[in-house]
Amino acid sequence: MDAAFAHLEKHKDQFLELLMEYLRIPSVSAQRVHHEDARRAAAFAKTQLEAAGFETTLFEGAGLPTVYGSRLENESLPTLLVYGHYDVQPPEPFELWETQPFEPAIVDGEVRARGCADDKGPSLALVLAARCWVEATGSLPVNLKFILEGEEEVGGQVVEQFLEARKDDLAADALVIADTSGFARGVPALCYGLRGLVAVEIKVNGPSHDLHSGTYGGTVANPATALARLVASLHDDDGRIAVDGFYDGVDEVEEEERDRLDRLPFDKEAYLAETGSPKLFGEKGFTTLERKGARPTCEVNGIFGGYQGEGSKTIVPSSAGCKLTCRLVPSQEPQHVQDALVRHLERACPPGVTLEVTRGPMAPAVYSDPETDWAKRARSALETAFGQAPALTREGGSIPIVNLFAQKLGVQPLLLGTYTPGERAHSPNERYPVEDFYAGIRTGIALFSGQ
Ligand SMILES: [Zn+2]
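What counts, and at which threshold
Residues numbered from 1 in each chain as written. Predicted model: local features only at pLDDT ≥ 70, side-chain atom pairs only at ≥ 80, totals over all residues. Heavy atoms only, no water. Helix = DSSP H or I, 4+ residues; strand = E, 2+ residues; numbered from the N terminus. Rg over C-alpha atoms; globule rule 2.2 N^0.38 Å. Buried < 20%, exposed > 50% of the residue type's maximum accessible area, 1.4 Å probe, protein only. Contact = heavy atoms within 4.5 Å. Areas by Shrake-Rupley, 256 points an atom, 1.4 Å probe, with all protein chains shown as cover. Lys, Arg positive; Asp, Glu negative; His and termini not counted. Charge placed at Lys NZ, Arg CZ, Asp CG, Glu CD. Pairing = 2+ DSSP bridges. Axes fitted to C-alpha atoms, helices over the stretch in contact; angles between N-to-C directions. Donors = N, O, S within 2.8 Å, 3.2 Å for Na, K, Ca; no water. Tetrahedral: all angles 85-135°; square planar, octahedral: opposite > 155°, others 65-115°. Core = buried A, V, L, I, M, F, W, Y, C linked by side-chain atoms within 4.5 Å. Parallel < 35°, antiparallel > 145°, perpendicular 65-115°, else oblique. Left-handed = near helix turned anticlockwise from the far one by under 90°. Nonpolar A, V, L, I, M, F, W, Y, C, P; charged D, E, K, R; others polar. Expected span 1.5 Å × (residues − 1).

1. Re the overall build of the protein chain
Inference 1: A count of helices and strands for the protein chain gives twelve helices and 18 strands.
Inference 2: Against the globule reference of 22 Å for 451 residues, the protein chain gives a C-alpha radius of gyration of 24 Å, in line with a compact fold.
Inference 3: With the C-alpha coordinates aligned to their principal axes, the bounding extent of the protein chain is approximately 80 × 50 × 45 Å.
Inference 4: Out of the 451 residues in the protein chain, the part that is buried amounts to 53%.
Inference 5: Within the protein chain, residue pairs in contact and separated by at least 24 positions form 79% of the contacts whose partners lie at least 6 positions apart.
Inference 6: A total accessible area of about 19700 Å² is found for the protein chain, and carbon and sulfur atoms account for 48% of it.
Inference 7: Averaged over its 43 positive side-chain charges, the protein chain has a centre that lies 2 Å from the centre of its 67 negative ones.

Shown next, in the form of structure tokens:
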């Protein structure tokens, strides 16, 4: 392992330059005008795998290609499957960037560019970790398979088609993903829980057209008022979700986990600064870290309806609506939650209007036992790389790809949090400390040692 670490030390600048080159490619999967760029990013990722002695292929489906690389040393060695993505979120709004999104710059020791943290930096770091092993020692201490896809940010189907087509070649002892955040600056994380998701959109319909509020107001139900009542009915005053059946199957947060979360160095002021909110809020009886990952939620993502322009317009709007998403914890069944939510909305809908419900996508939550052999190896790799034991965390978000891998390959995911939180993924001024990049490479070197 020392030889691989030494190799990294010698090639730090060269590796950072490679990352900068990768970041200059505007591989925005959501925007067709950037699809040629995305293909260039795929080619770049493929070249990096080849530089580490991997056999590679591009899997072309009905979208942007999935890059696959494998380097199989020896059947007696364990095998790790690594997943990452080369596509990035759109950079807009441009005017809020302090530097150009696709002209990476280093500001205060941090790389600034779209995709630096999500996910080009952390995933390239793992490719380079393999390269350090190969260039320093001539081989790898594990068998490695890499999947780098190009449609993560748009939920594309190509990677799924790839898994289906190549299922037999993808067997592995564990799945490594570096696409979640660390716990704090210098403190990495191993994430062992991801929340699931249920989406629903509702529209409340009233009159067939907007009505004059003087002529008709007070004589027919106002859809915006009805919508507000519906939204308000979703939670009680303690922040608990007031939907019958919503909590069915939800496990209480166990004492041991509560203690573990309590021991994490949670900085309330930093968290407030990160969110820009005036005050913390959430379900009564739980701490912020419990609310963040171990408890389910129901959030209004957007409300629309009626007049939104300048000044006043005296109408009773013909309709109003909102988008809702719930985050689920393990043991909550997405279909059951969606049914419960729809039933609640239908029951709670005030008289005088009609309700239109559109059911959206669903994904179950993920639990990945942090005490298995490979989870322990991942923890020790993070500790070696950062000089600091990782926090064991649950992430509030969902990574649908993890479900897909679990379903298709039945392999345990190891979610390595190697970048400092507050990275502004998906937002202007995305950032990624240069030190995290090197620590990410060290994490890979240590993990691939297989010890
Ligand atoms: Zn990502």
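Back to the write-up after that little detour.
2. A few points about the sheet that holds strand β4 (residues 105–107)
Inference 1: Taken in spatial order, the three strands line up as β4-β5-β18 in an open sheet, and their pairing is antiparallel. Edge positions in the open sheet fall to β4 and β18 (431–433), since each of these has one partner strand only. Taking the axes of each pair of neighbouring strands and ignoring which way they run, one obtains an average angle of 35 degrees across the sheet.
Inference 2: Here strand β5 (residues 110–112) runs beside β18; their pairing, made up of three bridges, is antiparallel. Residue E110 lies in a different strand from β18, and its bridge partner there is P433.

3. Focus on the environment of V250
Inference 1: As for its placement among the helices and strands, V250 is situated in the loop between α5 (223–232) and α6 (255–263).
Inference 2: Measuring from C-alpha to C-alpha, the distance between V250 and R295 comes to 8.3 Å, with 45 residues separating the pair along the chain.
Inference 3: If near-sequence neighbours (up to four positions away) are discounted, V250 is found in contact with R295, P296, V329, S331 and Q332.

4. Details of the pairing of strand β3 (residues 79–85)
Inference 1: Among the seven residues in β3, seven count as buried, and that is most of the element.
Inference 2: Side chains of β3 alternate between two faces, with T79, L81, Y83 and H85 and L80, V82 and G84 buried alike.
Inference 3: For β3 and strand β6 (residues 143–149), the ladder comprises seven bridges, and the chain directions are parallel. Its bridge partner being in β6, Y83 is matched across the sheet by I147.
Inference 4: Relative to strand β7 (residues 174–181), β3 runs parallel, the two being bridged by four bridges. Bridge pairing in β7 links L80 to A174.

5. As for the coordination of the zinc ion
Inference 1: Around the zinc ion, the protein supplies H85 (NE2), D118 (OD), D179 (OD) and D179 (OD) as donor atoms, at distances of 1.9 to 2.4 Å.
Inference 2: Classification of the site at the zinc ion rests on its four donor atoms, whose angles at the metal span 54 to 142 degrees, yielding the label irregular.
Inference 3: When the donors of the zinc ion are listed by position in the chain, the intervening gaps give H-x32-D-x60-D. Here D118, found in helix α3 (residues 116–137), pairs with D179, found in strand β7; they are 61 residues apart in sequence, far enough to count as distant.

6. Side note on the nonpolar core
Inference 1: Core analysis: the biggest nonpolar cluster contains 69 residues, and L144, F146, F437, I441 and F448 have the highest contact counts within it.
Inference 2: With sequence-adjacent residues up to four places away left out, F437 is seen in contact with F15, L16, L19, G121, L124, A125, L128 and Y432.
Inference 3: Residues V200, V250, V337 and V353 belong to the second largest nonpolar core, which totals 28 residues.

7. Describing the packing of α3 against helix α12 (residues 434–448)
Inference 1: Running from N to C, α3 and α12 cross one another at 50 degrees; their axes reach a closest spacing of 7 Å. By the angle between their axes, α3 is oblique relative to α12. Regarding α3 and α12, the two cross each other, and that crossing is right-handed. Across the interface between the two elements, G121, L124, A125, L126, L128, A129, A130, C132 and W133 from α3 touch F437, G440, I441, G444, I445 and F448 from α12.
Inference 2: The class makeup of the residues in the contact of α3 with α12 is twelve nonpolar, three polar and no charged.

8. Description of helix α9 (residues 334–348)
Inference 1: Counted at 1.5 Å a residue, the expected span for α9 with its 15 residues is 21 Å, and the 21 Å between its end C-alpha atoms agrees.
Inference 2: P334, V337, Q338, A340, L341, V342, H344 and L345 are the residues of α9 that are buried.

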